[in-house]
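An overview of the molecular structure
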Amino acid sequence: MPLRTAYRLCPHAVFLPVDFEAYATASRLFKSVLLSITPIMEDVGIDEVFLDISALADTNEIIVDRIKDAIKEITGLTCSIGIAPNKLLAKIGSDMQKPEGLTILNENDIESRLWPLPIRKLYGIGPKTESHLKNMDIETIGQLAALPEEILFDHFGKSYGHYLYEASRGIDDSPLITYWEPKSFSREVTFQEDIKNWQVIAKTLAELVKEVSTDMKHHGYKARTITVKIRFHDFKTFTRATTITNYADSEEEIRKAAFAGLKRIDLNKRVRLIGVRSSNLQK
DNA sequence: TCTGGGGTCCTAGGACCC
DNA sequence: TCTGGGGTCCTAGGACCC
């Protein structure tokens, strides 16, 4: 059974806009170091990865020390690590001993260590699903695992229901994704204060379009669908998508589509956020 | 978490085609 | 009183992740 690890950078996985660039730089640095430990790495964000260490000859202890030392040396930060037969359990394990821990989970631990946990600890369960499950008197992962799959289908649909059924049993066959094609490029901003002025909204959208276009060209993609997003002061959020005939990456074409979408939103309230996304991509 | 920004995936419904 | 069925594309919104 292959072993995988997830690690998380500590001390706090909070988003700090001020430190963001430094954090991102450190992130790139230690990921390159981790790649020298094993090339089978899935990048899950700025401070988290999965590594497949099943082919390595060294013991878990030696590998873990190498990872911790490398991260400490490069970033000065600690990390927590989970080792398990799949990504789901490795991820949950990495959260179990937070500051600087190592948690090893395997199939035999599911009943004793996974099932007592609150449902919210299961990857993929957010606030909405948590409250839905609590209304069904389901509080722990074990109680979730006791539900027949049909019940989960009824409440959560076929796809997500099936996911919950398997995840609550610690089952996860998903492979490590070492590379994936981007599906979309986007930019959005939240205004310091809610905006009513159309000029400001239009100017901001044009700037975001420029950034998205630059980003796409930089990565060598064109897009057919451009989506505008508006969030009002009351947090109501609307999106309007425009699909064009030919794949495009130029600022003008994207701007045209973006403004066509914007026109279809009734801007009768103060605007808090505006964003633009390109999708339906082609290399 | 009265809420920042960049992503992914899923669902439901409508339009349109044969 | 009748109103098929399947496939594909597109849209809008929601849930979740770091």
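This text gives an overview of the structure that appears in the document. All of these numbers come straight from a predicted model, not from anything done at the bench. (Residues numbered from 1 in each chain as written. Chains lettered and ligands numbered in written order. Predicted model: local features only at pLDDT ≥ 70, side-chain atom pairs only at ≥ 80, totals over all residues. Heavy atoms only, no water.)

**What about the protein's contact with DNA strand C?**
Going by this rule: One heavy atom within 4 Å of a molecule or strand is enough for the residue carrying it to be called near that molecule or strand. By the criterion applied in these results, polar contacts are pairs of N or O atoms within 3.5 Å in which, for protein atoms, one can donate a hydrogen and the other can accept it, and in which residues neighboring in sequence qualify only through two side-chain atoms. Only DSSP runs of H or I with at least four residues qualify as helices, and only runs of E with at least two residues qualify as strands; both kinds are numbered from the N terminus onward.
Close contacts around DNA strand C come from 22 residues, with Asp47, Lys91, Thr129, Ala241 and Thr243 the closest. The sugar-phosphate backbone supplies 100% of the atoms of DNA strand C found within 4 Å of the protein. One of the backbone nitrogen or oxygen atoms of proline 127 is found 3.5 Å away from a phosphate oxygen of DNA strand C. Contact distances for DNA strand C include 2.6 Å between a phosphate oxygen and a backbone N or O atom of alanine 241. Taken together, the elements giving at least two residues each to the surface near DNA strand C come down to α5 (127–135), β7 (222–232) and β8 (237–248).

**Some details on the protein's contact with DNA strand B**
Stated formally: Just so you know the grouping, Ala, Val, Leu, Ile, Met, Phe, Trp, Tyr, Cys and Pro go in nonpolar, Asp, Glu, Lys and Arg go in charged, and all remaining residues, Gly too, go in polar.
Around DNA strand B, the surrounding shell holds 13 residues, and the nearest of these are Lys183, Ser184, Ser186, Glu188 and Thr190. Near the protein, within 4 Å, the atoms of DNA strand B are sugar or phosphate in 62% of cases. Between DNA strand B and the protein, one listed contact pairs a phosphate oxygen with a backbone N or O atom of lysine 183 at 2.7 Å. At a separation of 2.8 Å, a phosphate oxygen of DNA strand B approaches a polar backbone atom of serine 186. Counting residues per element, the surface near DNA strand B draws most heavily on strand β6 (residues 184–195), which supplies seven residues. Looking at the surface near DNA strand B residue by residue, the class counts come to five nonpolar, four polar and four charged.

**A closer look at the packing of α5 against helix α7 (residues 149–167)**
Two measures define how a pair of helices packs: the angle their axes make with one another and the distance between the axes. Worth spelling out the cut-off: Axis angles are defined between N-to-C directions and span 0 to 180 degrees, where every axis is a line fitted to C-alpha atoms and, for a helix, only to the segment in contact. Should an angle fall under 35 degrees it is taken as roughly parallel, and over 145 as roughly antiparallel, whereas 65 to 115 is taken as roughly perpendicular and any remaining angle as oblique. Residues are treated as being in contact if the distance between any of their heavy atoms lies within 4.5 Å.
Viewed as axis vectors pointing N to C, α5 and α7 meet at an angle of 100°, and their least axial separation amounts to 14 Å. Between α5 and α7, the interaxial angle falls into the category roughly perpendicular. Contacts between α5 and α7 involve Thr129, His132 and Leu133 on the former and, on the latter, His155, Phe156, Tyr160 and Leu164. Classifying every residue of the contact of α5 with α7 gives four nonpolar, three polar and no charged.

**With respect to the packing of helix α8 (residues 198–219) against helix α9 (residues 251–263)**
For the record, the criterion: Crossings are classed by handedness, with left-handed meaning an anticlockwise turn of the near helix from the far one by less than a right angle and right-handed meaning a clockwise turn.
For the pair α8 and α9, interaxial distance at closest approach is 9 Å and the crossing angle is 135°. One element, α8, and the other, α9, form an angle in the oblique class. When you trace α8 past α9, the crossing you get is right-handed. Of the residues in α9, those touching α8 at Trp198, Ile201, Ala202, Leu205, Ala206, Val209, Lys210, Ser213, Met216 and Lys217 are Glu251, Ile254, Arg255, Ala258, Phe259 and Leu262.

**Side note on the side chain of glutamate 149**
How we decide: Relative accessibility thresholds used throughout: buried, under 20% of the residue-type maximum; exposed, over 50%; partly exposed, between the two (1.4 Å probe, protein chains only). Positive residues here are Lys and Arg, negative ones are Asp and Glu, while His and the chain termini are left out of the count. For salt bridges, the criterion is a side-chain nitrogen of Lys or Arg within 4 Å of an Asp or Glu carboxyl oxygen.
Tracing the backbone through its elements, the reader meets glutamate 149 in helix α7. Buried and unpaired, glutamate 149 has no salt bridge, with lysine 158 as the nearest side chain of opposite charge at 7.6 Å.

**Considerations on a negative patch on the surface**
We apply this condition: For patches, a residue must show more than 30% relative accessible area and have no salt bridge; joins then use 9 Å for like charges and 5 Å for nonpolar side chains, namely Val, Leu, Ile, Met, Phe, Trp and Tyr. The protein chains shown are the only cover counted for residues, whose accessible areas, like all others here, come from Shrake-Rupley with a 1.4 Å probe. Each charge is placed at NZ for Lys, CZ for Arg, CG for Asp and CD for Glu.
Judged by side-chain charge, Glu61, Asp65, Asp69 and Glu73 come together as a negatively charged surface patch. Residue glutamate 73 is classed as exposed on the basis of its relative accessible area, which comes to 72%.

**Concerning the layout of surface pockets**
Selection rule: Here a cavity is any set of points on a 1 Å grid over the protein atoms alone where a 1.4 Å probe fits but cannot get out, and a pocket is any open set with protein on both sides within 12 Å along at least 5 of 7 lines; a residue lines the site when it has an atom within 4 Å of a point. Grid points are joined across faces, edges and corners, and a volume is the space filled by probe spheres set on the points.
Size it by volume and the largest pocket reaches roughly 400 Å³. Along the walls of the largest pocket sit Tyr179, Trp180, Pro182, Phe185, Ser186, Arg187, Asp215, His219, Tyr221 and Lys283, which together make up its complete lining. Looking at the lining of the largest pocket, the elements that each hand over two or more residues are β6 and α8. With three residues, the single largest contributor to the lining of the largest pocket is β6. Broken down by class, the residue content of the lining of the largest pocket amounts to five nonpolar, two polar and three charged. The space that makes up the second largest pocket amounts to roughly 290 Å³. Every element with two or more residues in the lining of the second largest pocket is listed here: α3 (87–96) and α7. Sorting elements by how many residues they give to the lining of the second largest pocket places α7 first, with four residues. The residue inventory of the lining of the second largest pocket, partitioned by class, reads seven nonpolar, two polar and six charged.

**Concerning the sheet that holds β7**
For clarity, the cut-off: Pairs of strands are assigned from DSSP output, requiring at least two bridges between the strands.
With respect to topology, four strands assemble into an open sheet ordered β6-β9-β7-β8, the strand pairing being antiparallel. The sheet is open, and its two edges are formed by β6 and β8, each paired on a single side. Here the average twist between neighbouring strands, direction ignored, is 15°. Examined bridge by bridge, β7 and strand β9 (residues 271–282) share 10 bridges and lie antiparallel to one another. Each bridged residue has a counterpart across the sheet, and for alanine 223 the counterpart in β9 is leucine 281. Sheet strands touched by α8: β6, β7, β8 and β9. Its angle to β6, the strand with the most contacts, is close to 155°.

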